[in-house]
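Survey of secondary and tertiary structure
The primary structure of each chain is shown beneath.
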Amino acid sequence: MRKAYAVIGSNWGDEGKGNVTDILCSKEPLKTINVRINGGAQASHTVVTQDGKRHAFSHFGSGTFAGAPTYLSKEFIVNLFSFDIERCKIAEEFAITPVVCVNPECRVTTFWDMNINQMIETMRGENRHGSCGFGINETVHRSKYDDYKITVMDLFSENELRKKLERIQRDYVPMRLKNKYNLILDELPEKFAKSFKDSETIPMTIEMAKRFIENVSVMDDCILNRFDIAVFEGAQGLLLDQGFEKFWPNVTTSNTGVRNMVDILKNIKFDGEVEVYNVSRCYATRHGRGRFPTETDGKPYKNIIDLTNIPNEFQEHLRFGILDMDLLLEALNGDYNKNSELIAKRNMVFTCFDQLDDMVFYKFNGKKITVSKQNFLEEIKRILCENTAYLVSDIYVTQGEARDKLIKI
């Protein structure tokens, strides 16, 4: 492998990582592998190609339309049910059979993880955390116990998988409910208790496991050395990183910056070029609960259109605000300082430039600043160059949803 690209969200997710990943993978798709480095089924990275193909990728890399195979790395969390639904959808709607390689150590979500997550989030009412409901944190916690941890390798032995699933349903679920949430399984409302006791859950999971292993190849990180280029696609954003304490508990159980990529590159003894593309919209968004310092009452610009982030039961509606340069700089500098051993060209990409009004707003040094759209990017470029802990190599902008190109400013 001669080159590695990292596509990293710089805010609370929904920045346009899918579009940037698609653009990078489309440069040399036959020589490129698309690596998912964190998160799982809760990711939703939209790609719209010039011929009108549109899909929000969750289990597959956003370079799929470009023809790049996907590698689900060790820190990616597999959801067998979501994977199968998305695989079938891609095949039916786009006549594509994605090539997917998966690390044998990937953790696997169960129905019970999702059920606990969704039940607790529902019971929180107005105090909900804004979880996606896919059981990511529950999977991470359960996986701390060897007796209950399920990895991709466990899917290959039906008997052993069945035993582990039985232990989870019989022993782990009641223990988790009691120890963490002070709930007794038999005292739950019927609609919740029934979902945990359902006898069909285990055979259904085993069937999904069979389908999964029929449609992936199990490989370790060395698969990357078969390609010239790797595009590492991050999920969520830097402000949702598990170490970003300012926004706890409304964060994710994941490293959302370059950390997981750095570990993989060390593992394969990579010594080629690295480029990091930090991505942000020209304004701010947040899907789910949590602090949002620059939130506005509705969309800050009349031309904003978002067809991907529709309201849902758990994350509710997409929230909008103006670009917060103070937080952006804090996030960028924090990720750099935590991973300063990474020698890389560091770029910034601003998406959705076409959605801005003639006058644009942003926050810097605690103040709301108004500037013309014509001068907006030059001001942001100056602020980044003067206030980041590293040299910003290039700053790009994208316009529109469809795959086009990164426009250098």
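Refer to the preceding data block for the structure.
The model shown is predicted, which means the values in this text are computed figures rather than measured ones.

What counts, and where the lines are drawn
- Residues numbered from 1 in each chain as written.
- Predicted model: local features only at pLDDT ≥ 70, side-chain atom pairs only at ≥ 80, totals over all residues.
- Heavy atoms only, no water.
- Helix = DSSP H or I, 4+ residues; strand = E, 2+ residues; numbered from the N terminus.
- Rg over C-alpha atoms; globule rule 2.2 N^0.38 Å.
- Buried < 20%, exposed > 50% of the residue type's maximum accessible area, 1.4 Å probe, protein only.
- Contact = heavy atoms within 4.5 Å.
- Core = buried A, V, L, I, M, F, W, Y, C linked by side-chain atoms within 4.5 Å.
- Disulfide = S-S within 2.5 Å.
- Pairing = 2+ DSSP bridges.
- Polar contact = N/O pair within 3.5 Å; in protein donor to acceptor, adjacent residues only side chain to side chain.
- Salt bridge = Lys/Arg side-chain N within 4 Å of Asp/Glu carboxyl O.
- Lys, Arg positive; Asp, Glu negative; His and termini not counted.
- Phe/Tyr/Trp six-rings, centres within 6.5 Å; stacked < 30°, edge-to-face > 60°.

Looking now at the overall build of the chain. Helix and strand counts for the chain come out as 10 helices and 19 strands. Computed over C-alpha atoms, the radius of gyration of the chain comes to 21 Å, within 12% of the 22 Å expected from 2.2 N^0.38 for 409 residues, which places it in the range of a compact globule. Its C-alpha atoms put the chain at 60 × 50 × 40 Å along the principal axes. Among the 409 residues that make up the chain, the fraction classed as buried is 57%. Summarising the internal contacts of the chain: among those between residues at least 6 apart in sequence, 76% fall at separations of at least 24.

Side chains that are nonpolar tend, in soluble globular proteins, to be buried together. Residues Leu-224, Phe-232, Phe-376 and Leu-384 are the most contacted members of the largest nonpolar core, which totals 63 residues. With six residues, the single largest contributor to this core is helix H9 (residues 325-338). Beyond its immediate chain neighbours, meaning those up to four positions away, Leu-384 contacts Met-325, Leu-328, Leu-329, Leu-332, Met-348, Phe-350, Val-392 and Ile-395. The next biggest cluster of nonpolar side chains, apart from the first, holds 45 residues, and it includes Phe-81, Trp-112, Leu-185 and Phe-196.

So, on to the state of the cysteines. As used in these notes, a disulfide is a covalent bond between sulfur atoms, one from each of two cysteines. Applying the stated criterion to the full structure yields zero disulfides. Looking at the unpaired Cys-106, the closest cysteine sulfur is the one in Cys-101, lying at 11 Å. Cysteine Cys-282 shares no disulfide, and the gap to the nearest cysteine sulfur, in Cys-352, comes to 7.0 Å.

Moving residue by residue along a regular strand, the side chains alternate between the two faces of the sheet. The buried fraction of strand E10 (residues 229-233) amounts to five of the five residues, a majority that puts the element mostly inside the structure. Covered by surrounding structure in E10 are Ile-229, Val-231 and Glu-233 together with Ala-230 and Phe-232, the residues of both alternating faces. For strand E2 (residues 32-36) and E10, the ladder comprises five bridges, and the chain directions are parallel. Across the sheet, residue Arg-36 finds its bridge partner in E10, namely Glu-233.

Here we come to the environment of Asn-347. Along the chain, the position of Asn-347 falls in strand E15 (residues 345-351). Overall, Asn-347 belongs to the buried group, its relative accessible area being 2%. Linking Asn-347 and Ser-62, residues 285 residues apart in sequence, is a C-alpha distance of 19 Å. A distance of 3.2 Å separates a polar atom in the side chain of Asn-347 from the backbone nitrogen of Asp-394.

A word on the pattern of salt bridges. Applying the stated criterion across every chain, the model contains 31 salt bridges. Here Arg-87 ties to Asp-84 by a salt bridge, and the two come within 2.7 Å at their closest N and O atoms. One end of the pair, Arg-87, and the other, Asp-84, are both in helix H2 (residues 80-94), three residues apart, so they sit about a helical turn from each other. Like Asp-84, Arg-87 is buried. Here Glu-158 makes a salt bridge to Lys-210, at a shortest N to O gap of 3.5 Å. Of this pair, Glu-158 sits in helix H5 (residues 158-181) while Lys-210 sits in helix H7 (residues 201-214), placing them 52 residues apart in sequence. The exposure class of Lys-210 is partly exposed, given its relative accessible area of 36%. In the salt-bridge network here, residues are joined through shared partners; they are Arg-2, Glu-28, Lys-31 and Asp-228.

Attention now goes to the side chain of Glu-233. For Glu-233, the position within the fold is in strand E10. One buried charged side chain, Glu-233, makes no salt bridge at all; its nearest oppositely charged neighbour is Arg-36, positioned 4.3 Å away. Here Asn-34 takes part through its side chain, which lies 3.3 Å from a polar atom of the side chain of Glu-233.

So, about the sheet that holds E10. The strand order across the open sheet built from 10 strands is E9-E7-E5-E2-E10-E1-E11-E15-E18-E19, with neighbouring strands paired in mixed fashion. Edge positions in the sheet fall to strand E9 (217-218) and strand E19 (407-408), since each of these pairs with one other strand and no more. Summarising the sheet, strand E5 (residues 70-72) and strand E7 (residues 100-102) pair through three bridges and their orientation is parallel. Bridge pairing in E7 links Thr-70 to Val-100.

The next subject is the environment of Lys-373. Within the secondary structure, Lys-373 sits in helix H10 (residues 373-387). Once the C-alpha coordinates of Lys-373 and Phe-353 are considered, the two residues, 20 residues apart in sequence, prove to be 8.8 Å apart. In this structure Lys-373 touches Phe-353, Asp-354, Leu-356, Asp-357, Asp-358 and Val-360, once residues within four positions along its chain are discounted.

With that settled, consider the packing of aromatic side chains. Inspection of the entire model under this criterion finds 18 aromatic pairs. The interplanar angle of 70° and the centroid separation of 4.9 Å between the aromatic rings of Phe-65 and Phe-94 together place this pair among those described as edge-to-face. Of this pair, Phe-65 sits in the loop between strand E4 (54-57) and E5 while Phe-94 sits in helix H2, placing them 29 residues apart in sequence. Residue Phe-65 is classed as buried on the basis of its relative accessible area, which comes to 10%. Relative accessible area serves as the criterion here: at 15%, Phe-94 is assigned to the buried category. With 6.0 Å between their ring centres and 40° between their planes, Tyr-277 and Tyr-396 make a pair best called tilted. On the criterion of sequence distance, the pair formed by Tyr-277 in strand E11 (residues 273-281) and Tyr-396 in strand E18 (residues 392-397) is long-range, its members being 119 residues apart. Each member of the pair, Tyr-277 as well as Tyr-396, is classed as buried. Here the aromatic residues Trp-12, Phe-244, Phe-247 and Phe-292 are joined through ring pairs into a cluster of three or more.

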